[in-house]
Structure formats: C-alpha cells, structure tokens
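Working through the structure, step by step
Chain by chain, the residues run as shown.
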Amino acid sequence: MLMLLDVLNKHWNKLGVVASAIAAALAGFLALPPVGLTDAAWSKFDVFLITLIVGLWLVLTNRWKLRRHVRYWWFAALLMVSLCIGSVLTYSAILDEWTIPYWRDQRVVIGSTRKPFAVEQAKLLEEKHLPADNASLLQKFSGRVTDVWNEDEIAERGRQLEVIYVGTVFLLASALISVLQAVYCSLRRPSVSSPLEKSLL
C-alpha cells in the first residue's frame, strides 16, 4: 500500500493526461452502452475508470521496468491483447443483438420476449404485408420499449451490457499499457543487477 501511495504521489499529475489520451483512442471504435448514463457521462466515466486502471498499472510498470523484465511484459501484452479482442467482439455482437437504432442513430435496449399486445400488432403488420421486425414494431409503439418487451429482460440486458462494456474498457487499456511497457523495456540497455535487486525479483 505504501508503494502504491508513493508511486501515485510522484506521478498523479500524469494519470489524467494518459487516461484522457487512452479514452480518446478507445472512443473511436468502442460504442457506448445505450443504458444508464448519457453519452457525455459515460465519456467522463471512461476517463475516471481508465485513470484508476493506469494508476494500478503504474505501480507494476514502475516496479518492473528493466530490460530483463521484457519477456514478462510481452507475455502480459499477448494475454491482454487476446482477451481484449475477444471482449470487443463479444461486446459488439451482444450490442447488435440486444439493441436497435431508433432515433438519430441512438440505440435502445430491447428484450427477447414480446408482450401479448405487441405480438398481436406484429401479426396485423404481417397481414398487411408490412415489416414486423423489431425496429418497425418499436416505431409503431413510438419508441416505448416497455410496451413491446418484458421490462425485467430489458433491465437485465442493460446491466449486462454495462458490465461487459466496463470489462472491455479495462482490457483495452490494460492491453495498450502492457504493449507500451514491453516496448519500453525492450529498448532499455541491459543493466547489472545488484544483490539487493536480485533478491527483490
């Protein structure tokens, strides 16, 4: 704990800058979950979350920063990159399945079970040879998702999307930090370890 506080005390002014840069990089391809917070609030939360992540990783990067540590960082980088790729693909697939665009590219979370009245309305649309897909049905109900799908399913899916999104941000930030630290260690000159340094490894 003392090491953590000491490192953060020395580098706290850099955390916000680094976190903001990482958040800006992630914002280009990772869609925000359309639940809970507004887009602006989610963006601020991303910076806050990534600041915490960078702060935690800063302890490790400050502790293991020599050339002899490079293999460990490349292993960590490979692991984190593999995990974040899987997480991004999973999040994107679930976002496409559990949400639909409704207004000005804004997405809304839907359920899997339609309510009886919504089922009847879908049948009427089909009888009239009109589209009866989820987007068309939502338009008919003026965007009131709880009139179409089960409220509990919508709430549960929303919570799961939030959890997966936060986990994906963590893995993306961790992967980037691991790769950068691996490159940094690989570019350092080999150093001769003192007996004390060897005992700390």
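In this text the structure is predicted, and so the values were computed from the model without any measurement.

Right, let's talk about the overall build of the protein for a bit. What the protein contains, in helices and strands, is eight helices and two strands. Mapped from its N terminus to its C terminus, the protein presents α and β elements in the order α-α-α-β-β-α-α-α-α-α. With 201 residues in all, the protein has 34% of them scored as buried.

Moving on to the pattern of salt bridges. A side chain with one charge may pair with a side chain of the opposite charge, provided their charged atoms come close. What the rule picks out here adds up to three salt bridges. In this structure, Glu151 and Lys115 form a salt bridge, with 2.7 Å as the shortest nitrogen-oxygen distance. Of the two residues, Glu151 sits in helix 7 (residues 151-187) while Lys115 sits in the loop between strand 2 (106-109) and helix 4 (116-127), which places them 36 residues apart along the sequence. Residue Asp147 is joined to Arg144 by a salt bridge in which the shortest nitrogen-to-oxygen separation is 2.5 Å. Among the residues examined, Asp147 registers a relative accessible area of 29% and is labelled partly exposed. On the accessibility criterion, Arg144 (42% relative accessible area) is partly exposed.

Let us now look at the layout of surface pockets. Considered as a void within the structure, the second largest pocket measures approximately 220 Å³ in volume. Around the second largest pocket sit twelve residues that line it, and Leu32, Pro34, Asp39, Gln106 and Arg107 are the ones nearest its centre. Of the residues in the lining of the second largest pocket, the class split is seven nonpolar, two polar and three charged.

Here the focus is the confidence of the model for the protein. With 79% of its residues at a pLDDT of 70 or more, the protein has an overall mean of 80. In this model, residues 1-5 is a region of pLDDT below 50 whose contacts with residues beyond four sequence positions or in other chains number four contacts. Counted against residues more than four places away or in other chains, residues 194-201, with its pLDDT under 50, gives seven contacts.

Counting 42 residues, the largest nonpolar core has Leu137, Trp149 and Leu161 as the members making the most contacts within it. Looking at this core, the elements with two or more residues in it are helix 2 (39-63), helix 3 (70-98), helix 4, helix 5 (134-140), helix 6 (145-148) and helix 7.

Tallied over the full model, the rule gives three aromatic pairs. A ring pair is formed by Tyr91 and Tyr165, whose centres lie 5.7 Å apart and whose planes are at 50°; its orientation type is tilted. Linking Tyr91 in helix 3 with Tyr165 in helix 7, this pair joins segments that are 74 residues apart in sequence. Of the two residues, Tyr91 and Tyr165, neither departs from the other in class, the shared state being buried. Between the aromatic rings of Phe117 and Phe141, the centroid separation amounts to 5.9 Å while the plane-to-plane angle is 90°, which identifies the pairing as edge-to-face. With Phe117 in helix 4 and Phe141 in the loop between helix 5 and helix 6, this pair connects stretches of sequence that are 24 residues apart. The class for Phe141 is buried, based on a relative accessible area of 6%.

What counts as what
Residues numbered from 1 in each chain as written. Predicted model: local features only at pLDDT ≥ 70, side-chain atom pairs only at ≥ 80, totals over all residues. Heavy atoms only, no water. Helix = DSSP H or I, 4+ residues; strand = E, 2+ residues; numbered from the N terminus. Buried < 20%, exposed > 50% of the residue type's maximum accessible area, 1.4 Å probe, protein only. Salt bridge = Lys/Arg side-chain N within 4 Å of Asp/Glu carboxyl O. 1 Å grid on protein atoms, 1.4 Å probe; cavity = no way out; pocket = protein on both sides within 12 Å on 5 of 7 lines; lining within 4 Å. Points joined across faces, edges and corners; volume = space filled by probe spheres on them. Nonpolar A, V, L, I, M, F, W, Y, C, P; charged D, E, K, R; others polar. pLDDT = per-residue confidence, 0-100. Contact = heavy atoms within 4.5 Å. Core = buried A, V, L, I, M, F, W, Y, C linked by side-chain atoms within 4.5 Å. Phe/Tyr/Trp six-rings, centres within 6.5 Å; stacked < 30°, edge-to-face > 60°.

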